[in-house]
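Listed below are the residues making up each chain.
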Amino acid sequence: MVNAKRLMSALRRPTFATIVFVLGILATSSGIAAAGPTGAADGRTGDPAAREASAIRASSAGAVSWTITPADAPGVFARAAAVREALGFPSRASTTGRHVRDGALATEYDAVDDVDGAGAPIAEFRFASDGRLEAAVRLDTARVDGRRPTASVALVAARRGLAAVAISPAGSETVEADSFQGGWQIHWGRAQRGIPVRGDETRVHVRADGFLGSVTWIEHQLAPEPGRRIGRDAARGAVAARGDAWFAGTQSGYRLDDASLQWVAPNGLFDATASLVSSVPYRLAWVVNVKPTGPAALSVSLITVFVDAGDGSVIGGDVVE
Amino acid sequence: MKRAKALLVSALIATSALAITAPNVAAIRGSVWSNSDAFTSRCLGFTDRYPQLMYDQAVTGFTKLGYVTAVTRIGPTFTRSAFLGEVLIDYAVYVHSHGDNYWAASGRPNVDSGFMQDPGASRCNASSDIVRSSAIKAATMGTAYNLVIMATCALGSSTSTMPDAFQIARTKTSTDPEFYLGYVNSTYDSSAYRFEAAFFSYLTGGTPHTRTASAAFTYALALGGYAIPDAGNPFTPNWWGNPDYDGMALW
């Protein structure tokens, strides 16, 4: 359908867009073809049945997925049903399932999607290969009419929801108003013997309407703790050696922040022969932040370096551009 | 130039009879831009591969959403003049670079958000490389945009003037087919890459037109596990636009 705003936009654009637009109108008004811009951009037919019939398909760069059904994966669907009921998620018209192997993100999981009568998704349940719940996300829109939950009410709801799906986070939680989605975010960071596990967390979103919006449980396998640890100064020294090499002969410099111990995912940020994302167990590391100064700071504000707490080698890092 | 346009018109008219029976007659362009040279060993001491990964991911995502990604530029061809010269024709725009809410030429407290063009193969970024929202605003000439993703730091914050450069109001209740995605704080590349992977994966999955960009945002954020630089910079993507828009190319 052509609306006035789009017509105006198209006419204000240069010749090529206008011509194409007019051709589009001609095609549509003459009743010929024009399957529409969304019809077959990637070879999809637009027919849901035909799409679902494709047992294996690429869903994103580096990822493949294939359909699973209650017949061939009864445990996955049973777990989804239990979580749906435990969290009070809405009833669905139909359910589909898929197994996803995502090489780019080094992850593999089962997903069960609930849709409503119109075919719109209303929830997704995601399980790790070992059957553990990774995430349950409610996708319908919160309808807020008047009263909203307080922080304490949201915390009670979050604890109740986690208990219902047998997740018991350790430590103390943080409760923050979600100013962007509405409601509250309740978060527990994971720690192993007092040392944070980078990115691992239990998180619950309580929506503005008081219902649970999502439950997330991210927990990675940890490698054995090294028998001996290098000291903080040795770790900073290793990073300083890198920093000196990076900025030698340039007008840029750097400043080192203090080092802290964390469990981290090794990655190939500084090793072009290694993958940027890996699925190997997390390792104990000193995490040191390098803050570029001079011209380099115009494009990069932070380089984070992971130094293996056992052998002192650099095992990865991250960048804030 | 005139001759080239005349040839283009002739070619389009001549082929229209054939093309009219094909899908995607009304090609809707989405452009993907990624600054990579500022993050090479020449400027950083090592080569950050995330610009290429995020670029590839965005091109794939835009294509699946039905945009014709005729202009996809990574590296030296991502210049300010190229961006400003091309953006008017786009309906979707993706930028990966360093971004910030810079002070406007009129001085504080006025903000003129921007991002860095690629510095090219012989130098690193300088302050003169900023592509400012005021210049983009002028280049877009008040036309509408469907999907704008700023894969940078800071351009999803409440002070960002970037959405307005694309005529997208900072509201979550728009009824126009528009969606702007950005990050509020300083954001690790790994977190933005992971978030956008989930965002595109959700949005381009399932039956066409049944999924919304706002739900894709909810989904991606709920997956969690996003590393943060420090407590002062929690992982906070943000969106503005129409909660019911599906992100797909649309007239």
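Only a predicted model underlies this, so the values are computations on that prediction, with no experimental measurement involved.

A.B. asks: Looking at this structure, how should I read the overall build of chain B?
C.D. replies: For chain B, the count of helices and strands is 8 helices and 9 strands. Counting all 251 residues of chain B, 57% fall into the buried class. Considering only contacts in chain B between residues 6 or more positions apart, those separated by 24 or more positions represent 73%.

A.B. asks: What is the right way to look at the overall build of chain A in this model?
C.D. replies: A tally of regular secondary structure across chain A gives 6 helices and 14 strands. Across the 321 residues in chain A, those meeting the buried criterion constitute 40%. Relative to all contacts within chain A whose residues are 6 or more apart in sequence, the contacts with residues 24 or more apart total 52%.

A.B. asks: Hey, could you run me through helix H7 (residues 189-203) of chain B in this one?
C.D. replies: Side chains that are three or four residues apart share a direction in an α-helix, a result of its 3.6 residues per turn. In this model, H7(B) (15 residues) spans 21 Å end to end at C-alpha, consistent with the 21 Å of a helix rising 1.5 Å per residue. A large share of H7(B) lies buried, amounting to 15 of its 15 residues.

A.B. asks: Got a minute to help me understand the sheet that holds strand E4 (residues 99-100) of chain B in this structure?
C.D. replies: Strand pairing in a sheet is mediated by backbone hydrogen bonds. Such pairs are either parallel or antiparallel. All names here are of chain B. Pairing is antiparallel in the open sheet, where 3 strands are placed in the order E4-E5-E6. Where the open sheet ends on each side, the last strands, each with one partner, are E4 and strand E6 (130-132). Summarising the sheet, strand E5 (residues 114-116) and E6 pair through 3 bridges and their orientation is antiparallel. Among the inter-strand pairings, Met 116 is bridged to a residue of E6, identified as Ile 130.

A.B. asks: Would you explain the confidence of the model for chain B in this entry?
C.D. replies: Interpretation of the predicted coordinates at a detailed level should be avoided for regions scoring low in pLDDT. Residues and elements named next belong to chain B. Here chain B averages 89 in pLDDT, and 89% of its residues register 70 or above. Segment residues 1-25 is flagged for pLDDT under 50; beyond a separation of four residues in sequence, or across chains, it makes 24 contacts in the model. Model confidence for the complex is summarised by a pTM of 0.85, with the ipTM given as 0.87.

A.B. asks: When you look at the packing of helix H3 (residues 50-64) of chain B against H7(B) in this model, what are you seeing that I'm missing?
C.D. replies: Working note: a packed helix pair is described by the angle between its axes plus the distance between those axes. Residue and element names in this part refer to chain B. In the contact formed by H3 and H7, the axes pass within 10 Å of each other and the chain directions differ by 15°. Relative to H7, the element H3 is oriented roughly parallel. Relative to H7, the crossing made by H3 is left-handed. For the pair H3 and H7, contact is made by Tyr 50, Leu 53, Met 54, Gln 57 and Gly 61 and by Asp 189, Ala 192, Tyr 193, Glu 196, Ala 197 and Phe 200, respectively. Residues belonging to the contact of H3 with H7 are distributed by class as follows: 7 nonpolar, 2 polar and 2 charged.

A.B. asks: Where do I start with the sheet that holds strand E3 (residues 92-96) of chain B in this structure?
C.D. replies: All names here are of chain B. The mixed open sheet is built from 6 strands, whose spatial order is E2-E1-E3-E7-E8-E9. At either end of the open sheet lies a strand with only one pairing partner, and these are strand E2 (72-74) and strand E9 (237-241). Ignoring which end each strand starts from, the neighbouring axes of this sheet average 5° apart. Strand contacts of H3: strand E1 (30-34), E2, E3 and strand E7 (147-151), with the helix running at about 175° to E1, the strand carrying the most contacts.

A.B. asks: Just to check I follow, could you spell out the nonpolar core for this structure?
C.D. replies: The tendency in soluble globular proteins is for nonpolar side chains to be buried side by side. One finds Val307(A), Tyr219(B) and Ala220(B) to be the most contacted residues of the largest nonpolar core, which totals 142 residues. If you count residues domain by domain, this core takes at least three from each of domain 2 (49-218) and domain 3 (232-320) of chain A.

A.B. asks: Explain the pairing of strand E9 (residues 195-206) of chain A here, please?
C.D. replies: In summary, the side chains of a regular strand alternate between the two faces of the sheet. All names here are of chain A. Along E9, 9 of the 12 residues are buried, which leaves the element largely enclosed by surrounding structure. Bridge analysis of strand E8 (residues 184-192) against E9 gives 8 bridges, and the strand direction is antiparallel. When the sheet's bridge partners are listed, His 187 is paired in E9 with Arg 203. Between E8 and E9, which follow one another and run antiparallel, lie 2 residues, and Arg 193 among them has a positive phi close to 50°. Pairing of E9 with strand E10 (residues 212-218) involves 6 bridges; the strand directions are antiparallel. From the neighbouring strand, His 205 faces E10, where its bridge partner is Ser 214.

The rules behind the values
- Residues numbered from 1 in each chain as written.
- Chains lettered and ligands numbered in written order.
- Predicted model: local features only at pLDDT ≥ 70, side-chain atom pairs only at ≥ 80, totals over all residues.
- Helix = DSSP H or I, 4+ residues; strand = E, 2+ residues; numbered from the N terminus.
- Buried ≥ 20, exposed ≤ 12 C-beta atoms within 10 Å, placed from the backbone.
- Contact = placed C-beta atoms within 7 Å.
- Expected span 1.5 Å × (residues − 1).
- Pairing = 2+ DSSP bridges.
- pLDDT = per-residue confidence, 0-100.
- Axes fitted to C-alpha atoms, helices over the stretch in contact; angles between N-to-C directions.
- Parallel < 35°, antiparallel > 145°, perpendicular 65-115°, else oblique.
- Left-handed = near helix turned anticlockwise from the far one by under 90°.
- Nonpolar A, V, L, I, M, F, W, Y, C, P; charged D, E, K, R; others polar.
- Core = buried A, V, L, I, M, F, W, Y, C linked by C-beta atoms within 7 Å.
- Domains from an automatic or database assignment.

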